[in-house]
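# Notes for the structure review
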Amino acid sequence: MASFGWKRKIGEKVSKATSQQFEAEAADDKDLADDDDANWVHATKRRKEILLEDCVKKSKQLKDEGASLAENRRYREAIHKWDEALQLTPEDATLYEMKSQVLMSLHEMFPAVHAAEMAVQRNPRSWDAWQTLGRAQLGLGEIALAIRSFQVSLHIFPMNPEVWKEDLSWATKLHEQQKATKTEAVRALAKEKELAQESIPDYDFESDEIVAVCAAIAEKEKALSAAKTVVIVSASGTVETVTEKENCPTTPDETLFIRAR
């Protein structure tokens, strides 16, 4: 009868050299997998960089085409080119600033202000964006806001003679004229009120003259009420006017059939 014996594990039959070879091959496979992952990430980043470079290149081309169109006063076409460029590079403040200038040339002040504000938001350190914003605000009549924008532009670029001599100087002059106009309007309104108050005479209704006039009017009304006239139309068609007295009224005869006052 065969006795029961303990069976050794299969792994114990594998030689030490074979085990080491298997571990080395597994390490090589892991290194290859890591290299593949690294290569994939690098390739993805590179594709993104290439795509971004293409977008920037295409945007610059559209920007230049729009600038050329704007120089030839083809403003609508220029705006169309810059809108296409903004789809590729939405953070380009220069595109918004150029668009604002063209919109001002088209006398579309509200969109011009909006475009200039977008330019300032994307690049707060751009002195020309602040200058364009000030000009657009000036076109809307927002003189105080325009002065502030020009001041910010000069704070960024203090040596800009154009903003000093043209923009800020003109805006300040308009602001002073506006203040003078408002002051003159207030004075004219106050003067009109004073004249209106002076034009109403201050009657003394208890004066002797007023009392005498009122008494004369009363006497006249009393005399008119004391004597009344009656129009009598007879049966034959004869019209007769008769004056009645309050104390002795006139009595028509039986031939009367119409009595009118």
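Residues numbered from 1 in each chain as written. Predicted model: local features only at pLDDT ≥ 70, side-chain atom pairs only at ≥ 80, totals over all residues. Heavy atoms only, no water.

### Here's the deal with the UniProt feature "repeat: TPR" (unreviewed entry) in the protein
Per the UniProt annotation, the sites labelled "repeat: TPR" (unreviewed entry) are residues 59–92 and 127–160. The span residues 59–92 is 79% helix and 0% strand, and its two end C-alpha atoms sit 9 Å from each other. Between the end C-alpha atoms of residues 127–160 there is a gap of 9 Å, over a span that is 79% helix and 0% strand. (UniProt positions renumbered as here; feature names shortened; annotations may be inferred. Helix = DSSP H or I, 4+ residues; strand = E, 2+ residues; numbered from the N terminus.)

### Quick notes on helix 6 (residues 143–156)
Here helix 6 is 14 residues long and its end C-alpha atoms lie 20 Å apart, about the 20 Å a rise of 1.5 Å per residue gives. Among the residues of helix 6, those classed as buried are Ile143, Ala146, Ile147, Ser149, Phe150, Ser153, Leu154 and Ile156. (Expected span 1.5 Å × (residues − 1). Buried < 20%, exposed > 50% of the residue type's maximum accessible area, 1.4 Å probe, protein only.)

### Remarks on helix 2 (residues 75–88)
Its 14 residues give helix 2 an end-to-end C-alpha distance of 20 Å, which sits within 8% of 20 Å, the value for a rise of 1.5 Å per residue. Restricting attention to buried positions, one finds in helix 2 the residues Tyr75, Ala78, Ile79, Trp82, Ala85 and Leu86. Across the axial projection of helix 2, the buried residues extend over an arc of 120°, all falling on one side. Opposite the buried face of helix 2, by more than 90 degrees, sit the exposed residues Arg76 and Gln87. (Arc of directions from axis to C-beta.)

### Observations regarding the nonpolar core
Grouped together as the largest cluster of nonpolar side chains are 29 residues, with contacts concentrated most on Trp82, Val102 and Leu133. Elements supplying a minimum of two residues to this core: helix 1 (16–71), helix 2, helix 3 (93–105), helix 4 (109–122) and helix 5 (127–139). Of all the elements, helix 4 adds the most residues to this core, at 8 residues. By size, the runner-up hydrophobic cluster in this structure holds 9 residues, among which are Ala146, Leu154, Val163 and Ala171. (Core = buried A, V, L, I, M, F, W, Y, C linked by side-chain atoms within 4.5 Å.)

### Examining the pattern of salt bridges
One pass over the structure, following the stated rule, counts 9 salt bridges. Here Arg76 makes a salt bridge to Glu108, at a shortest N to O gap of 2.4 Å. In this pair, Arg76 sits in helix 2 while Glu108 sits in the loop between helix 3 and helix 4, placing the two residues 32 residues apart along the sequence. Of the residues examined, Arg76 reaches a relative accessible area of 52% and is grouped as exposed. (Salt bridge = Lys/Arg side-chain N within 4 Å of Asp/Glu carboxyl O.)

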